[in-house]
Amino acid sequence: MTVQVFSQKLPESDKISTSAGDVDIFFIGHGSLMFKFRDYVIHVDPVRSSGKYESLPLADLILVTHEHYDHLDTDLISSLRKNETVMFCSNSCIAKVPWAQVIHPGDIKTAGQIEVEAVSAYNIVNERSKGQPFHPKGVGNGYIIKMGEKKFYIAGDTENTPEMKTLRGINVAFLPMNLPYTMTPAMVADAARAFNPEILYPYHHGETNTDELVRLLKDTSIEVRIRKLQ
């Protein structure tokens, strides 16, 4: 049996209330997040270069969106793993973490009392070279995590895809905003207007001007929250 001890030196966090208990969201940095739902700990794209993990608890569930170095850190994953830890990932990651479980877009899996649905994550416009998108379709995932009655969408590295725009019932969304790899503020605003989350966090945003996103969505009911997620 593993007993987790929570240090007082935790990253900045927000609390979201659900009918089944509070969800604490910890903003580690870049694309790395941690969710704590009651005593259940979820690490999303844990990468040591994104922030400090020494004081953070071990994972009950690990979600990895794709294989790029700033999203997949196999050494850190090994150090966060317990005997009972479950990991869901895109197919591009499984060669590096063979004990994980692949989840494909449209699939829904459960771990503990958490429901996870995979959503396609890919580029439409932005390319590394002609015909070579930074994130090809079919390689990466985003995830919808359902805790209590609330749905949390972590988009991964993606643009404002048709699949994203058809989402409904999202309470909290994390959308990437960093050219040339993901989206401009206008792309994020376009996606947010389509699926209308209650709360929107731009993340993985580098030096992008987050004030521009706030301006673009000021006439909507969407609450844009800016956190240290460069």
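Looking only at helices and strands, the protein chain has 4 helices and 16 strands in total. Taken against the 2.2 N^0.38 rule, which gives 17 Å for 230 residues, the C-alpha radius of gyration of the protein chain at 16 Å falls within 12% of a compact globule. Counting only contacts in the protein chain whose residues sit at least 6 apart along the sequence, the fraction spanning at least 24 positions is 53%. Of the roughly 10300 Å² that the protein chain leaves accessible, carbon and sulfur atoms contribute 48%. Charged side chains of the protein chain number 24 positive and 28 negative; the gap between the two group centres comes to 1 Å.

All right, on to the pattern of salt bridges then. For the coordinates displayed, the defined rule picks out 12 salt bridges. A salt bridge links arginine 227 to glutamate 12, with the nearest nitrogen and oxygen atoms 3.8 Å apart. With a gap of 215 residues between them, arginine 227 in the segment after strand E16 (223-224) and glutamate 12 in the segment before strand E1 (13-18) connect regions that are remote in the sequence. Its relative accessible area of 39% is what places glutamate 12 among the partly exposed residues. As a salt-bridge pair, arginine 225 and aspartate 14 come within 3.3 Å of each other at their nearest N and O atoms. In this pair, arginine 225 sits in the segment after E16 while aspartate 14 sits in strand E1, placing the two residues 211 residues apart along the sequence.

The next thing to look at is the sheet that holds strand E2 (residues 21-29). One open sheet accounts for 7 strands, arranged E1-E2-E3-E4-E5-E6-E7; its pairing is mixed. Of all strands in the sheet, those with a lone pairing partner are E1 and strand E7 (101-102), marking the two edges. Pairing of strand E5 (residues 59-64) with strand E6 (residues 81-89) involves 5 bridges; the strand directions are parallel. Considered in E6, the bridge of isoleucine 62 is made with methionine 87.

This next bit is on the confidence of the model for the protein chain. Residues shown with low pLDDT carry predicted positions that ought not to be read at fine detail. Put simply, the protein chain has an average pLDDT of 94, and 96% of its residues get 70 or more. This model gives residues 1-7 a pLDDT under 50, and the stretch forms 11 contacts once residues within four places in sequence are excluded.

Here we take up the packing of aromatic side chains. According to the stated counting rule, one finds 8 aromatic pairs in the structure shown. Relative to phenylalanine 152, the ring of phenylalanine 35 lies with its centre 5.8 Å away and its plane at 75°, an arrangement referred to as edge-to-face. In this pair, phenylalanine 35 sits in strand E3 (residues 32-37) while phenylalanine 152 sits in strand E13 (residues 150-154), placing the two residues 117 residues apart along the sequence. Residue phenylalanine 152 is classed as buried on the basis of its relative accessible area, which comes to 0%. Pairing phenylalanine 174 with tyrosine 203 gives two aromatic rings, centres 5.8 Å apart and planes at 70°, and the pair type is edge-to-face. Taken as a pair, phenylalanine 174 in strand E14 (residues 172-176) and tyrosine 203 in strand E15 (residues 199-203) lie far apart in primary sequence, 29 residues in all. Look at phenylalanine 174 and you get buried, because its relative accessible area is 0%.

Criteria and cut-off values
Residues numbered from 1 in each chain as written. Predicted model: local features only at pLDDT ≥ 70, side-chain atom pairs only at ≥ 80, totals over all residues. Heavy atoms only, no water. Helix = DSSP H or I, 4+ residues; strand = E, 2+ residues; numbered from the N terminus. Rg over C-alpha atoms; globule rule 2.2 N^0.38 Å. Contact = heavy atoms within 4.5 Å. Areas by Shrake-Rupley, 256 points an atom, 1.4 Å probe, with all protein chains shown as cover. Lys, Arg positive; Asp, Glu negative; His and termini not counted. Charge placed at Lys NZ, Arg CZ, Asp CG, Glu CD. Salt bridge = Lys/Arg side-chain N within 4 Å of Asp/Glu carboxyl O. Buried < 20%, exposed > 50% of the residue type's maximum accessible area, 1.4 Å probe, protein only. Pairing = 2+ DSSP bridges. pLDDT = per-residue confidence, 0-100. Phe/Tyr/Trp six-rings, centres within 6.5 Å; stacked < 30°, edge-to-face > 60°.

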